[in-house]
Amino acid sequence: MNRTAYTAHAPSSGTDHTNPATANTAPDETPPGGEGPTGRGSANREHSPATVKVDVPGANGEDSPSTVKVDVRGLNFWYGDFQALTDINLPIYYQHVTALIGASGCGKSTLLRCFNRMHDVQGGNHYQGAIQMQPEDINLIGPETDPMLVRLKIGMVFQQANPFPKSIFENVAAGLRIRGIKDRTVLQETVERSLQRAALWDEVKDRLDMPAFELSGGQQQRLCIARTLAPEPELLLLDEPTSSLDPIATAKIEDLITRLGKEVTILIVTHNMQQAARISDYTAFMHLGELIEHDDTETMFTNPHQERTESYITGRFG
Ligand SMILES: Nc1ncnc2c1ncn2[C@@H]1O[C@H](COP(=O)(O)OP(=O)(O)OP(=O)(O)O)[C@@H](O)[C@H]1O
Ligand SMILES: [Mg+2]
């Protein structure tokens, strides 16, 4: 895959919410020069204090395909005294699907919840490092960054569909109303477009006033995806979105993710190796809170560089 790379100044090193003096510096993200992504074996990479070479959205400051939309740099995270993530370095490519795999308890959901500052709601949690989002170059976990602003930019869908106790229409419109959009035409157009993007429109267009709970489980999950898409998130986080669905509903969501992945930047957690192989462009493998390997999905599944990755994807542990 062809990527443009240039040297950007490292952002104000990392972030330590409790002790800035110990914050990590940005890692050396030597770009792939047209080969694979930069993250391979990234857990062991050396940190470089001054500059960081990284694929970032174009020099004009706008997003463009094949660039890094969000860059996780030297991320550590603690639940109280328990360190759940250790020195995670992971580029998330713009308008591509990145799959996060690894055994239960390795920290996949914990990593996902760092992106939208969900951990802030539990006292004693503590981030260190940086999650840098382009093109604004915001550190999503920086103490100076308002978590509400972060949540407006990032959408998340969970394992269990969680529609609001409202109509189908109002579920999809919810995020727009929070942003102060009241114009009926804008709401209607956006709800329709979002339901179409979530491949649900044809099934619900004649019953938009029906309570969302009357939809099937698979439809509820697509409704949650439509609700998340409506405000046009810059990053879509999906935490095992199909694990409670049957194969037909799963296939619909997989098709949807494959299509959406060409226009939205997606990070998806899955326990299903076939699913990761089918729908993702890049795959990251985690083990015990560390990122063991990250590469394009084909390489990860056919020629992984780390033995632990191979053992996991071939089912020898996990
Ligand atoms: N709220 C919490 N407080 C304290 N520890 C937690 C909390 N949530 C998760 N952990 C711990 O953090 C580690 C990572 O958990 P996490 O839920 O991120 O794993 P996971 O990879 O998503 O697992 P699964 O595949 O089972 O969903 C585990 O050891 C877990 O016990
Ligand atoms: Mg999880």
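Scroll up to find the structure this text is about.
Position labels on residues start from 1 in each chain and follow its written sequence. The order in which chains are written sets their letters, starting at A; the order in which ligands are written sets their numbers, starting at 1. For a predicted model such as this one, the threshold for reporting local features is a pLDDT of at least 70, and the threshold for listing and counting side-chain atom pairs is 80 or more; totals across whole chains, interfaces and linings nevertheless cover every residue. Processing note: side-chain calculations cover all non-hydrogen atoms of the structure and skip hydrogens and water entirely.

Student: Requested: an account of the site of ligand 1, with residues and values cited.
Tutor: When we say a residue is near a molecule or strand, we mean one of its heavy atoms is within 4 Å of it. Neighbouring ligand 1 are 15 residues; Ser104, Gly105, Lys108, Thr110 and His271 lie closest to it. Distance and chemistry together define a polar contact, namely a pair of N or O atoms within 3.5 Å, with one atom able to donate a hydrogen and the other to accept it when in protein, and with adjacent residues in sequence counting only for side-chain atoms on both sides. Measuring from a nitrogen atom of ligand 1, one finds a side-chain N or O atom of Tyr79 at 3.3 Å. Between ligand 1 and Gln122, the relevant distance is 3.1 Å, taken from a nitrogen atom to a side-chain nitrogen or oxygen of the residue. Comment: elements are numbered from the N terminus, with helices defined as DSSP H or I runs of at least four residues and strands as E runs of at least two. Within the residue set of the shell around ligand 1, elements represented by two or more residues are strand E5 (82-93) and helix H1 (108-115). In terms of residue count, the dominant contributor to the shell around ligand 1 is H1 (4 residues). When the residues that make up the shell around ligand 1 are grouped by side-chain class, the tally is 5 nonpolar, 7 polar and 3 charged. Throughout, the ten residues Ala, Val, Leu, Ile, Met, Phe, Trp, Tyr, Cys and Pro are labelled nonpolar, Asp, Glu, Lys and Arg are labelled charged, and all others, Gly among them, are labelled polar.

Student: Now, about the sheet that holds strand E10 (residues 235-239): what can you tell me, with residues and values included?
Tutor: Strand order across the open sheet formed by 6 strands is E9-E10-E11-E6-E12-E13, with mixed pairing between neighbours. Edge positions in the sheet fall to strand E9 (154-157) and strand E13 (290-296), since each has one partner strand and no second. Across the sheet, the mean angle from the axis of one strand to that of its neighbour is 15 degrees, orientation sign disregarded. When DSSP finds two or more bridges between a pair of strands, those strands are recorded as paired. Bridge count for E9 against E10 is 4 bridges, and the pairing is parallel. Within the sheet, the bridge partner assigned to Val157 lies in E10 and is Leu238. On top of the sheet, helix H6 (residues 217-229) reaches E9 and E10; it is set at about 175 degrees to E9, its chief contact. In the packing of helix H7 (residues 247-260) onto the sheet, contacts are made with strand E6 (97-101), E10 and strand E11 (265-269), and the angle to E11 comes to roughly 145 degrees. With axes taken as lines fitted to C-alpha atoms, and helix axes fitted only over the stretch in contact, angles between N-to-C directions fall between 0 and 180 degrees. Whether two residues are in contact is decided by their heavy atoms, any of which lying within 4.5 Å being enough.

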